[in-house]
Amino acid sequence: MLTRGFSGRKSAQEFVDRIPPGQHLVENFPVLSAGPAPRVDTAEWKFSLKIGPKPVKAWTWAEFNALPQSKWVRDIHCVTTWSKLDTQWEGVTIDDILADADLEAPTEFVLAHSYDGYSTNVPIADLSVGKAMVATKFGGKPLERDHGGPARLLVPHLYFWKSAKWVNGLQFTTRDEAGFWELRGYHMRGDPWREQRYTND
Amino acid sequence: MSSDTPTTDGQSAKIEWQSAVVSSIVRQTPTITSYFFRLPQPFAYRAGQHVDVRLTAPDGYSASRSYSIASSPCKMFSDPSAEIELAIERLEEGEVSPFFHAVVQENDEIALRGPLGGHFVWPEKPAGPILLIGSGSGLVPLISMLRHACRTDNDTPVALLLSARTREDVLYRDELIAYEEKLRRFSLRLAITREPPHRDKDFGRRIDAGMLGEVLGDLPAMPAHVFICGSNGFVNIAADGALAAGLPAAAIKTERYGE
């Protein structure tokens, strides 16, 4: 359906193959979250890996920062329709986290958990083989509290609500269990190139 | 983050686009205009939910944005509404809002789908007083809640702290003041940031922790639910202030825009 009188802004032709359908470019870094931003002290910070209810391994901030560090430049896409190109991240890939725990994925599904009670589900296929990291730096600086600092999940090929802020653990689950937004009308997978914004899109 | 019961589950059907007709346009403030839409496929919604609006150009380019619903749902939650109101603020650097303000006329058809969002919504059974905090067009989901509360609920105390640049920028000003005069359980406080306030109980400054303390004093007990909507900076001050006042994080729901 055409909208009478609408021709659109044609400012980003050179990046057109990097912008998923229905998205627009931003230069700033908008902040969205469903509640107050928690204050997490790195002295208290802990990141845990679990299989169902069973803890497998946990890292303190110092232990986590001693793991192999990766630097990525990625485009990110928020379901609220903004996209941001060439964002710079540093952190530990999920592959390196699993390797340090000497763990092969025991199930196909993962729930990421956060300090504020947030959760989001991501299949291990979308986390492993260089697809995702737990990021502790953005633009070369420690990740700000507003953007999920001290650490957030980064799954850049999915809508950004999957990149849980203030992340404190990954939990393998036997089924694909819906997380916070997935229980509230948002898509179970969230692929921006297929515009999987809301349930069953 | 709250542990409330979600309103939708992973099994619900896809929400389809529909071609809504602009039935009327009402300018509310120098920067905010209301657009009323007639829905060919009426839907039931909860106060606080939003819709997505999509504009499509002849070359196939499209732009979509989310807008909170300003109108209140039908008295019975489950009854579908055939008309909704969106109040859209003109953002100078925007793409969709300037189009609405400059081009959209009555009888235009606009692609729209909803209702969307299952978090920032009025509780079905409020567990106690409710505190609403908004700035500028952040009032939109809150006015839906307030209209709903005024129509359906006879005993939940509600306080609203609303920040705006000037008195003229206060969205739905006359309606808010009328609610306060009519309903003893509703308290309105304005924070006017660029001119002196007109009413004794209003503030002539930006939101701060002390202001929150005074507004909490308008309620007979600590609120069971807090809804905060506005720019990210505003929401951070309000949410941190509510936490400092002793409210649990789980009681505070936020909706943000901007950096």
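Residues take numbers from 1 onward in each chain, read along the sequence in its written order. Naming scheme: in the order in which they are written, chains are lettered from A and ligands are numbered from 1. Only residues with pLDDT of at least 70 are given local features in this predicted model, and only at 80 or more are side-chain atom pairs given and counted; all residues enter the totals for whole chains, interfaces and linings. Only hydrogens and water are set aside when side-chain values are computed; all heavy atoms of the structure are taken into account.

Draft legend 1. Representation of the environment of Val 56 of chain A. All names here are of chain A. Strands are runs of DSSP state E lasting at least two residues, helices are runs of H or I lasting at least four, and both sets are numbered from the N terminus onward. Inspection of the secondary structure assignment puts Val 56 in strand β3 (residues 54–60). The class for Val 56 is partly exposed, based on a relative accessible area of 32%. Linking Val 56 and Ser 33, residues 23 residues apart in sequence, is a C-alpha distance of 29 Å. When neighbours within four sequence positions are excluded, Val 56 is seen to be in contact with Leu 49, Lys 50, Ile 51 and Leu 103. Three labels apply to residues, based on accessible area from a 1.4 Å probe with only protein chains included: buried if under 20% of the type maximum, exposed if over 50%, partly exposed otherwise in between. In this description, contact between two residues means that some pair of their heavy atoms is separated by no more than 4.5 Å.

Draft legend 2. The arrangement of the domain arrangement of chain B in detail. Residue and element names in this part refer to chain B. The source of the domain bounds is an automatic or database domain assignment. Parsing chain B into structural domains produces domain 1 (2–116) and domain 2 (130–257). The distance between the C-alpha centroids of domain 1 and domain 2 comes to 23 Å. Once two parts are brought into contact, the accessible area they lose, counted with a 1.4 Å probe and summed over both, makes up the buried area. For the pair domain 1 and domain 2, the summed buried surface comes to about 1800 Å²; carbon and sulfur atoms form 53% of the total. Salt bridge, as used here, is a side-chain nitrogen of Lys or Arg placed within 4 Å of a carboxyl oxygen of Asp or Glu. At the junction of domain 1 and domain 2, the tally comes to 1 salt bridge. The partner of Glu 85 in a salt bridge is Arg 147, with the nearest N and O atoms 2.9 Å apart. Among the secondary structure elements, those contributing two or more residues to the side of domain 1 that touches domain 2 are β2 (32–43) and β5 (81–89). Residue contributions to the side of domain 1 that touches domain 2 peak at 3 residues, all from β5. Side-chain classes are defined by residue name, with Ala, Val, Leu, Ile, Met, Phe, Trp, Tyr, Cys and Pro counting as nonpolar, Asp, Glu, Lys and Arg as charged, and the others, Gly among them, as polar. Each residue belonging to the side of domain 1 that touches domain 2 can be placed in one class, and the counts come to 10 nonpolar, 9 polar and 4 charged.

Draft legend 3. Representation of the pairing of β3 of chain A in the model. Residue and element names in this part refer to chain A. Relative to β3, strand β2 (residues 46–51) runs antiparallel, the two sharing 6 bridges. Bridged to Leu 49 within β3 is Lys 57. Between the end of β2 and the start of β3, which pair antiparallel, lie 2 residues, with Gly 52 showing a positive phi angle near 55 degrees. In short, DSSP must find at least two bridges between two strands for them to pair.

Draft legend 4. Just unusual backbone geometry, in detail. A cis amide bond links Gly 149 of chain A with the next residue in sequence, Pro 150 of chain A, at an omega value of 15 degrees. On the secondary structure map, Pro 150 of chain A appears in the loop between β9 (141–142) and β10 (152–154). Residue Gly 114 of chain B is joined to Pro 115 of chain B through a cis peptide bond whose omega torsion reads 0 degrees. Positive phi values are uncommon outside glycine, yet Asn 200 of chain A reaches one of about 65 degrees. Turning to its location among the elements, Asn 200 of chain A is positioned in the segment after β11 (167–173).

Draft legend 5. Inspection of the side chain of Arg 147 of chain B at higher detail. All names here are of chain B. Tracing the backbone shows Arg 147 in helix α2 (residues 139–152). Accessibility expressed as a relative area gives 11% for Arg 147, which makes it buried. Throughout this description, a polar contact denotes any pair of N or O atoms lying within 3.5 Å of each other; where both atoms belong to protein, one of them has to be capable of donating a hydrogen while the other can accept it, and for residues adjacent in sequence the pair is counted only when both atoms sit in side chains. Here Ala 70 takes part through its backbone oxygen, which lies 2.9 Å from a polar atom of the side chain of Arg 147. There is a polar contact of 2.9 Å between the side chain of Arg 147 and the side chain of Glu 85. Not counting chain neighbours up to four residues away, the residues in contact with Arg 147 comprise Ala 70, Ser 71, Ser 72, Glu 85, Tyr 172, Glu 175 and Tyr 179.

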